[in-house]
Amino acid sequence: MAAEELQCIIKRCQILEEHDFKEEDFGLFQLAGQRCIEDGHANQLLEIIQDEKNKTVVKSMGWNLVGPVVRCLLRSGEEEQRKACFLMFDLLVKLCNPKELLLGLLELIEEPSGKQISQIILLLLQPLQTVIQKLPNNKAYSVGLALSTLWSQLSLLPVPHSEEQIQADDYGLCQCCTALTEFTRPFVEDVANNKENEKLKHELLKFCFKSLKCPLLTAQFLEQSEEVGNDPFRCFASEVIGFLSQIGHPVPQIILNHGRKKKTWDCLELEEEEDRQLAESLASLAYLVFVQGISIDRLPLVLSPSYLLQLNMEHTEVLLQRTEQSVFSKGLELLETSLLRLENNSLLYQYLEIKSFLAVPQGLVKVMTLCPIEALRKKGLALLQLFIDKLDSQGKYTLFRCLLNTSNHSGVEAFVIQNIKNQIDTSFKKTYNRWFAGAQLTSLLDLVLSLPEGAETDLLQNSDRIMASLNLLRYLVIKDNEIDNQTGLWTELGKIENNFLKPLHLGLNMSKAHYEAEIKNNQQNSQVASTCKGVCSVTVGGEEIPTMPPEMQLKVLHSALFTFDLMESVLARVEELIEIKTKSPSEEGAGQLSSVS
C-alpha cells in the first residue's frame with residue numbers, strides 16, 4: 001500500500017519542474033517511504049529508487065529518506081531488509097543534493113546518546129566524506145561544520161583508561177578515533193597540495209587542537225612496547241600531530257613559538273581560545289611529544305635542558321590545575337621528564353621569577369596533600385624534592401621561603417625544614433654557602449623557629465612542623481658553637497627563646513592539661529556513653545572529635561598526649577644543650593669542683 005502511494009506521488013511529480021515541487025509533496029514522499037520500510041517492504045522501495053524514470057524526483061526528494069533508512073540500519077532486523085537499506089543508502093548518497101544530504105546526515109549524528117553515538121558515527125563517516133567531496137563550493141565551511149558536530153558528539157563519550165577498557169571499547173570511542181582520521185585525511189591532503197586554501201586549513205587546525213584536548217588530554221596510553229600499533233589513542237595522537245605538520249604547523253613551530261601566538265596562528269579564533277581550550281591543547285601536545293616521544297625527533301637537538309624545562313613548566317602548571325587524576329598525573333610525568341634532563345644545582349634562581357616556576361611547586365603541594373591516591377601523593381613529594389635538588393642555592397632559599405609562607409600544611413612545612421637542615425649540613429661539611437649561613441639563614445630561621453599563633457597555636461595540628469623545627473634547632477646547637485657562630489644562631493638566641501621556646505613551653509602545659517582533663521572526663525562518662533548505643537562525643541580545642549566509641553576516643557586522646565610528651569622531651573634536650581653551650585668556662589669549672597666535693 002505504501003509503495004503504491006509512493007509511486008503515485010512520484011508520477012504526479014514527474015510531470016512537474018523541480019522548482020514546482022511543493023513542500024507537501026516532500027512530506028508525503030518521506031511519509032510513504034518511511035511506511036515502506038516500517039512495513040518490511042524495503043526491497044520495493046529500493047526498486048522504485050533504482051528506476052531510471054524516477055531519478056529526477058529521487059534526486060530532489062530522496063534526501064528525506066536518509067533518516068528512516070539509517071534508523072533501519074541501526075536496528076537489528078531481517079538481513080534482506082537491512083541489505084536493501086544499505087543499497088538504498090548508497091544510492092541516495094550518489095543521487096541526492098549533497099547540500100541537503102550534508103545537513104540531514106549531521107542532524108542524524110546529533111540525535112543519539114550513549115553507545116548509539118559511536119554506532120551512527122561509524123555508519124555515517126564514509127558517506128559524510130563522500131557528500132562533502134561532492135560539494136561544488138564552500139567546502140571549508142562544510143568540513144568545519146562536520147568536524148565540529150562529530151567532535152561535540154565524541155566529547156560526550158567516556159574515555160576508557162585501563163588497558164582492559166581500551167580493548168573492550170564499550171562506547172566505541174577508540175574505533176571512532178581511528179575512523180575519524182580516515183575521514184579527515186583527504187581534506188588534510190587538499191591543504192597539503194594547496195597551501196593557499198586558508199579557510200580549510202583553519203578548520204582543520206581547530207579540529208586538531210580540539211582533539212588534543214578531547215579525548216587526548218584525558219586518555220591514558222598503554223605502556224610502550226613492540227606492539228605500539230595496538231594503542232588506538234597513541235595512533236590517533238600520531239595522526240593528529242602528523243596532520244598539524246601537513247597543514248603547515250609542525251611540532252617545533254608550535255612548541256617553540258608558544259607564547260608568541262600572533263607569530264604562530266594566522267587564525268583569530270585560535271587567538272581568542274588562548275586562555276581556555278588552547279592552553280590545555282598545547283599542554284596535551286607537550287605531554288605527547290616529551291613524555292610519549294611522538295615526533296620528538298623533529299625538535300632541534302641544540303635545545304638546552306633548562307630551556308626545555310622553561311617551555312614545559314607552563315604546560316605542567318595547566319595540567320596540575322585540573323582535578324582529574326588522568327590529567328594531573330600527566331603533569332607529574334611531564335615535569336619529571338623535564339627535570340631529569342638537568343644537572344643538580346644547575347637551575348638558576350632567576351627562573352623563579354617566571355610565574356609557572358613558583359606555581360608548579362605549589363601545585364605539587366596540592367597533589368601531596370589533597371590527592372586520595374597514595375602513589376600519586378608520593379610521586380608529588382618526590383618531584384618536589386627533585387625540583388629542589390635542581391635549583392641553585394639562592395633558588396632553594398627563595399623556594400623554601402615561598403613554601404613556608406604559602407603551604408599552610410604542617411607536613412609540607414616539616415619537609416621544607418628538613419631540606420633547610422640538609423642545606424646547612426652541606427654548608428658545614430663541604431663548601432660554605434652564604435644562603436644557609438649568617439644573615440640569610442637568620443632571616444629564614446625567623447620563619448622556622450616560631451609558632452604561628454604563639455602559645456595559642458594548635459600544637460597537635462602543627463606537630464610535624466614543630467618537631468622538625470625542634471630537631472633543626474637541636475642540630476644547630478650541636479653543630480655550631482658560640483665563637484664561630486656560622487649560622488647566626490647564637491646572636492638570635494634571645495629572639496628564638498621568646499618567639500619559640502617559651503611559647504612552646506606554655507602551649508605544651510595548656511595542651512597537656514586540656515587533654516588530661518578530657519581523658520578524665522571521658523573515663524567518668526564511659527557508663528553514660530554505653531547507654532547511648534556505645535558512642536559519645538568529645539570536644540578538643542573547640543572542635544568536636546567525630547563520633548566514635550569511647551575506647552577509640554580514649555586511644556585518640558592518649559595518642560595526642562604521647563605526641564606532647566615527645567615534643568616536650570625534645571624541647572628539654574634542646575634547652576639542656578643550649579645551657580651547656582652557653583655556660584662560661586668559670587661556671588663549668590665551679591660545677592666540676594662541686595661534683596668532686
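Residues numbered from 1 in each chain as written. Predicted model: local features only at pLDDT ≥ 70, side-chain atom pairs only at ≥ 80, totals over all residues. Heavy atoms only, no water.

## As for unusual backbone geometry
Inference 1: Between Cys-214 and the following residue, Pro-215, the backbone shows a cis peptide bond with an omega angle of 15°.
Inference 2: Tracing the backbone through its elements, the reader meets Pro-215 in the loop between helix H12 (198-213) and helix H13 (232-246).
Inference 3: For Asn-138, which is not glycine, the phi dihedral falls at a positive 55°.
Inference 4: Inspection of the secondary structure assignment puts Asn-138 in the loop between helix H8 (116-134) and helix H9 (139-154).
Inference 5: Residue Asn-345 is not a glycine yet carries a positive backbone phi of 65°.
Inference 6: One can find Asn-345 in the loop between helix H19 (325-339) and helix H20 (355-370). (Helix = DSSP H or I, 4+ residues; strand = E, 2+ residues; numbered from the N terminus.)

## Some remarks on H12
Inference 1: End to end, H12 covers 23 Å across 16 residues, agreeing with the expected 22 Å (1.5 Å per residue, within 8%).
Inference 2: The buried fraction of H12 amounts to 12 of the 16 residues, a majority that puts the element mostly inside the structure.
Inference 3: Every buried residue belonging to H12 is among Leu-200, Lys-201, His-202, Glu-203, Leu-204, Leu-205, Lys-206, Phe-207, Cys-208, Phe-209, Ser-211 and Leu-212, and all of these are buried. (Expected span 1.5 Å × (residues − 1). Buried < 20%, exposed > 50% of the residue type's maximum accessible area, 1.4 Å probe, protein only.)

## Overview of the packing of helix H23 (residues 410-429) against helix H24 (residues 438-448)
The description of two packed helices rests on the angle between their axes and on the distance between the axes.
Inference 1: Closest axis-to-axis distance for the H23/H24 pair is 12 Å, and the angle between their directions is 155°. Taken together, H23 and H24 sit at an angle that is classed as roughly antiparallel. Considering how the two elements wind past one another, H23 and H24 form a crossing that is left-handed. On the side of H23, the interface is formed by Ile-417, Ile-420 and Ile-424, while H24 contributes Leu-441, Leu-444 and Val-448.
Inference 2: The class makeup of the residues in the contact of H23 with H24 is 6 nonpolar, no polar and no charged. (Axes fitted to C-alpha atoms, helices over the stretch in contact; angles between N-to-C directions. Parallel < 35°, antiparallel > 145°, perpendicular 65-115°, else oblique. Left-handed = near helix turned anticlockwise from the far one by under 90°. Contact = heavy atoms within 4.5 Å. Nonpolar A, V, L, I, M, F, W, Y, C, P; charged D, E, K, R; others polar.)

## Remarks on the nonpolar core
Inference 1: Leu-128, Phe-183 and Phe-233 are the most contacted members of the largest nonpolar core, which totals 99 residues.
Inference 2: Here the element with the most residues in this core is helix H17 (residues 274-290); it accounts for 10 residues.
Inference 3: Of all hydrophobic cores here, the second largest spans 76 residues; its members include Leu-376, Leu-504, Ile-519 and Ala-560. (Core = buried A, V, L, I, M, F, W, Y, C linked by side-chain atoms within 4.5 Å.)

## Focus on the confidence of the model for the protein
Inference 1: Taken as a whole, the protein shows an average pLDDT of 86; of its residues, 84% reach a score of 70 or greater.
Inference 2: Mean pLDDT values for the elements of the protein range from 46 in helix H15 (residues 261-264) up to 98 in helix H21 (residues 374-390).
Inference 3: The model gives residues 592-597 a pLDDT under 50, and that stretch makes 0 contacts with residues more than four places away or in other chains. (pLDDT = per-residue confidence, 0-100.)

## Digging into the pattern of salt bridges
Inference 1: With the rule as written, the count across this model stands at 17 salt bridges.
Inference 2: Asp-446 is the salt-bridge partner of Lys-495, the closest N and O atoms lying 3.6 Å from each other. Placement of Lys-495 in helix H26 (residues 493-524) and of Asp-446 in helix H24 is noted, with a sequence separation of 49 residues between them.
Inference 3: Since its relative accessible area comes to 37%, Lys-495 is described here as partly exposed.
Inference 4: Put simply, Lys-213, Glu-280, Arg-322 and Glu-324 are held in one network by salt bridges that share partners. (Salt bridge = Lys/Arg side-chain N within 4 Å of Asp/Glu carboxyl O.)

## Focus: the side chain of Gln-81
Inference 1: Along the chain, the position of Gln-81 falls in helix H6 (residues 79-95).
Inference 2: Discounting chain neighbours no more than four positions away, the residues touching Gln-81 are Ile-37, Gly-40, His-41, Ala-42 and Cys-72.

## A closer look at the environment of Gln-175
Inference 1: Position of Gln-175 among the secondary structure elements: in helix H11 (residues 173-193).
Inference 2: Judged by relative accessible area, Gln-175 falls into the partly exposed class, the value being 45%.
Inference 3: In this structure the C-alpha to C-alpha distance between Gln-175 and Ser-118, which are 57 residues apart in sequence, comes to 8.0 Å.
Inference 4: Residues within four places of Gln-175 in sequence aside, it is in contact with Leu-122 and Asp-169.

## Here's the deal with the packing of aromatic side chains
Inference 1: For the structure shown, the criterion picks out 8 aromatic pairs.
Inference 2: When the centroid spacing of 5.6 Å and the interplanar angle of 65° are considered together, the rings of Phe-183 and Phe-187 count as edge-to-face. In this pair, Phe-183 and Phe-187 are both assigned in helix H11, 4 residues apart and thus about one turn of the helix distant. Grouping residues by exposure puts Phe-183 and Phe-187 together as buried.
Inference 3: When the ring of Tyr-397 is compared with that of Phe-436, the centres are 6.1 Å apart and the planes differ by 75°; the resulting orientation is edge-to-face. (Phe/Tyr/Trp six-rings, centres within 6.5 Å; stacked < 30°, edge-to-face > 60°.)

## Comments concerning the environment of Leu-282
Inference 1: Assignment of secondary structure puts Leu-282 in helix H17.
Inference 2: Each C-alpha atom, one on Leu-282 and one on Glu-314, is 9.8 Å from the other, the two residues being 32 residues apart in sequence.

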